[in-house]
Amino acid sequence: MKIKKTFPVVGMSCASCAARIDKVIHEQPGVCEANINYATAQAQVVYDTEICSVQALKNAVQDAGYDLLTETDQQGEEKAKQIQNEKYRLLKIQTFGATLLSLPIMVISMVFVNIPYMNYVLWFLSTCVVLGFGNRFYLSAWQQLKHGTSNMDTLVANSTGIAYLFSVFNLLFPDFWLSRGITPHLYFEAASGIIAFILLGRLLEERAKQNTSTAIRRLAGLQPKTITIVTGSGEQTVPIENARIGDTIAVKPGERIAVDGTVISGDSYVDESMLSGEPIAVHKQAGEKVYAGTVNQKGAFHFTADKTGADTMLAQIIRMVQDAQGSKAPVQKLVDKIAGIFVPVIIGIALLTFGLWCLFAPTAGFSHGLLAMITVLIIACPCALGLATPTALIVGIGKGAEHGILIKDATSLEIARKIDTIVLDKTGTITEGHPRVVNTYWHTETTEARKIIYSLERLSEHPLAEAIVREFGQETSIPVTGFETIPGKGIKGRTGDETYYAGTAELLTDNGVILPEPLKQRAESWLKEAKTVVWFGHSTQALAIIAITDEIKPTSLQAIRQMEKMGLTVYMLTGDNAGTAQAIARKANIGHYRSGVLPHDKAIFIEQLQQKGARVAMVGDGINDSAALAQADLSIAMGKGSDIAMETAMVTILSSDLLKIPETIRLSRLTVKTIRQNLFWAFIYNLVSIPIAAGILYPVCGFLLNPMIGGAAMAFSSVSVVSNSLRLKRKKISLIPRGNEVRIEEVEPINKKVMKKRFTIDGMMCGHCRAHVEKALNSIDGVKAIVTLDPPEATIEFTDKEFSLNELQQVIQNKAGDYKLHDLE
């Protein structure tokens, strides 16, 4: 059985180390795939458990001079964190000590070198720096040598070791060179200065790398350490590890929810921004799902634990982000090949440099060649190349997670920037995905009639019945006898001595029910607007019609506009009839759409687009659209909660907000742009610096690069690459104002007379107030209202007739609450 696991790696000091471990793991029988991430110090391995074992992987890595932490997830992470913290603490001590002693070494070398015995003081101080604070380089180089390999530490150890030993020899045996007419120079300041600069660079690099992983640490910190379990003897606070499926959990105001579950009593608003990226709290009541890491607001409630530990939504998100950050972009393969052979090549170039100096400059060739060789060994740093891609990916994928965009791997991120065509499923993607009542028109309205339709629809399992039950949920249920479902037409039942029907117009006419002309006219106008009409009546006459629709999401229109501005062609596919498809496409401003499309037809349609050269992204729910998602170049699943198809889709949008699609494309473009910038500067640095370090400018202008400057430049190259990646954190991926400022505006039919007016509203305090007022106004037939919170205004369009201020006010008071409407113009 093939499984994928991520292991912390101990002992890596540069990109060459990662390349070495990658090669060793790939050589193990049963290993299908391995990604070694130098930036995160992790190994992501796919292997066959029947052929390969965790212990075999650990042994192979240890034989290569490193270590693989194979404890359980939490134990391994804790141990890796302890090792990393200890390593960082030691690095700070060594950097501080080397820097502190290097300063007097440089001063003595420049000013006090002729004072008696000062050379011996230099020897002592540089010995403390090179062999004391810098011993990590020699220990690592020796470890690599024992295994027949090399890394960046090999270059540092060779260059500083040669400079140090050559200086000691010149100090103790100066006559050896004087007798040959050569002045014996000391390079203690170069050896100690290089050590100090490289340690400082590594310290800055470690700090910068830690900053790239803030998204994971923030997500991991969302789960509380304790949980309050309700037992027969009362509430008991226990460690989170003790939570079990089926436990009743108590959540108090302001607490963070610890596990996934279902509310059983009480209600509150819960901040789910960590899941969806949306700031507005979601109302939770009995039957609603809650998720680990989300924050309860002012209310209190009890819920039953459904998922704990590694099975929670939060744990899945963390795993997915970790896997994505540990994956490699296609461009990284070239970098890995270069890093794998980089150190031996540089050693060869350094020896060649020394030989050429000795050959072409017999007098000063030895000393100049020695300096040039040391500088080449120091300045040629593969770390910048190794950090260029992973640091940008870590920041980019982490930024996506913070915005509710889960990207499966680096390849998905690379593909997203190339997309030129977006195919959208209608239901649940462009629209809300669940029908709701938008209009009710009564021919004969009584309290009794409202109770009857509520009681009748409660017995039905049809999705349209659920919408009607929600609309009339405040009514009292009354007994219904003889209930019957008529397939494809509706339902009927008796209350008292009368039979009532709810369903299609055909159902009522088939049973001799008269349809009043006003109801028929209103029903025809609703059908033209792609609304589903439910008729309700008794044995002789229809009493009311109800309009139900799956409404377009508030942000869909802005998202589609933004995609088109980005140069993307947008298609809508739906299984609905042509009339409904046309109406939705018109409202959403989509120029290309197909109706009556079955699931397998969607995959065929995408294939046809690809044959024309299009790079296609399919956006669906990840389940019904599985064939189309598999066919597309980029698959994007829209969905909330535990039903989302995380494992199948390349990108998952947690909030089901279509605005996240252009954000994903922009994030991809920004991340890939950053990777290219990093690789460009890393390659340019080495291409330019190595010839200069070798002394190519010396014959032209007499310039020979000081080894200490080379060390500083090498350190700067790594830090600059990581810093450039961190700039991604400050980039905006959303180009549209979020909140209530921008709302959907339906595209009206041509030649239809529309009157528009604006009003101010007093009393709205939050987004929920705004939503109540907007819903109340839109319940008026012939009225389309857009309400904003800042400023507190309503823009109302009257399509049939204009309603007075008093009429509008009355509707708001009856259906929304105590809000006051005033004329603005």
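What counts and what doesn't
Residues numbered from 1 in each chain as written. Predicted model: local features only at pLDDT ≥ 70, side-chain atom pairs only at ≥ 80, totals over all residues. Heavy atoms only, no water. Helix = DSSP H or I, 4+ residues; strand = E, 2+ residues; numbered from the N terminus. Contact = heavy atoms within 4.5 Å. Areas by Shrake-Rupley, 256 points an atom, 1.4 Å probe, with all protein chains shown as cover. Buried < 20%, exposed > 50% of the residue type's maximum accessible area, 1.4 Å probe, protein only. Arc of directions from axis to C-beta. Phe/Tyr/Trp six-rings, centres within 6.5 Å; stacked < 30°, edge-to-face > 60°. Lys NZ or Arg CZ within 6 Å of the ring centre and 35° of its normal. Axes fitted to C-alpha atoms, helices over the stretch in contact; angles between N-to-C directions. Parallel < 35°, antiparallel > 145°, perpendicular 65-115°, else oblique. Left-handed = near helix turned anticlockwise from the far one by under 90°. Nonpolar A, V, L, I, M, F, W, Y, C, P; charged D, E, K, R; others polar. Expected span 1.5 Å × (residues − 1). Salt bridge = Lys/Arg side-chain N within 4 Å of Asp/Glu carboxyl O.

The subject of this paragraph is the overall build of the chain. Of the regular secondary structure elements, the chain holds 29 helices and 29 strands. Considering only contacts within the chain whose residues lie at least 6 apart along the sequence, 69% involve residues at least 24 apart. For the chain, the exposed surface amounts to about 37,300 Å²; the carbon and sulfur share of it is 56%.

Moving on: helix α29 (residues 805–815). Side chains of residues three or four places apart in an α-helix project in the same direction, reflecting 3.6 residues per turn. Listed in full, the buried residues belonging to α29 are Leu808, Gln809 and Ile812. Here the buried residues of α29 occupy an arc of 100° about the axis, which is enough to place them on one side. Exposed residues lying more than 90 degrees from the buried face of α29 are Asn806, Asn814 and Lys815. Looking one or two residues beyond α29, the residue adopting positive phi is Gly817, at roughly 135°.

A few words now on the packing of aromatic side chains. The final tally for this structure, using the stated rule, is 9 aromatic pairs. Residues Phe301 and Phe303 carry aromatic rings whose centres are separated by 6.3 Å and whose planes lie at 50° to one another, so their mutual orientation is tilted. Both residues of the pair, Phe301 and Phe303, belong to the buried class. Put simply, the rings of Trp442, Tyr500 and Phe536 pair up and form one aromatic cluster. Sitting over the ring of Tyr441, Arg522 keeps its end group 4.2 Å from the ring centre.

On to the packing of helix α17 (residues 447–458) against helix α18 (residues 463–471), then. Two elements in contact, α17 and α18, have axes whose closest approach is 9 Å; the angle formed by their N-to-C orientations is 140°. Overall, the two elements α17 and α18 adopt an arrangement that is oblique. Handedness of the crossing formed by α17 with α18: left-handed. Contact with α17, carried on its side by Ile453, Tyr454, Glu457 and Arg458, involves Ala465, Ile468 and Val469 of α18 and no other residues of that element. Its residues placed into classes, the contact of α17 with α18 shows 5 nonpolar, no polar and 2 charged.

Moving on to helix α4 (residues 118–133). The end-to-end C-alpha separation of α4 is 21 Å, in line with the 22 Å expected for 16 residues at 1.5 Å each. Among the residues making up α4, those that are buried are Leu122, Leu125, Ser126, Val129 and Val130.

As a further point, take the pattern of salt bridges. Within the structure shown, the criterion is met by 13 salt bridges. Here Asp67 makes a salt bridge to Lys58, at a shortest N to O gap of 3.2 Å. Close ionic contact of Glu506 with Lys489 constitutes a salt bridge, the shortest N to O distance being 3.8 Å. Residue Glu506 is located in helix α19 (residues 505–510), and its partner Lys489 is located in the loop between β16 (481–486) and β17 (490–495); the two are separated by 17 residues in the primary sequence.

On the secondary structure map, Thr574 appears in the loop between β21 (569–573) and α22 (578–588). Setting aside chain neighbours within four positions, we find Thr574 in contact with Lys426, Ala581, Arg594, Ser595, Gly596 and Val597.

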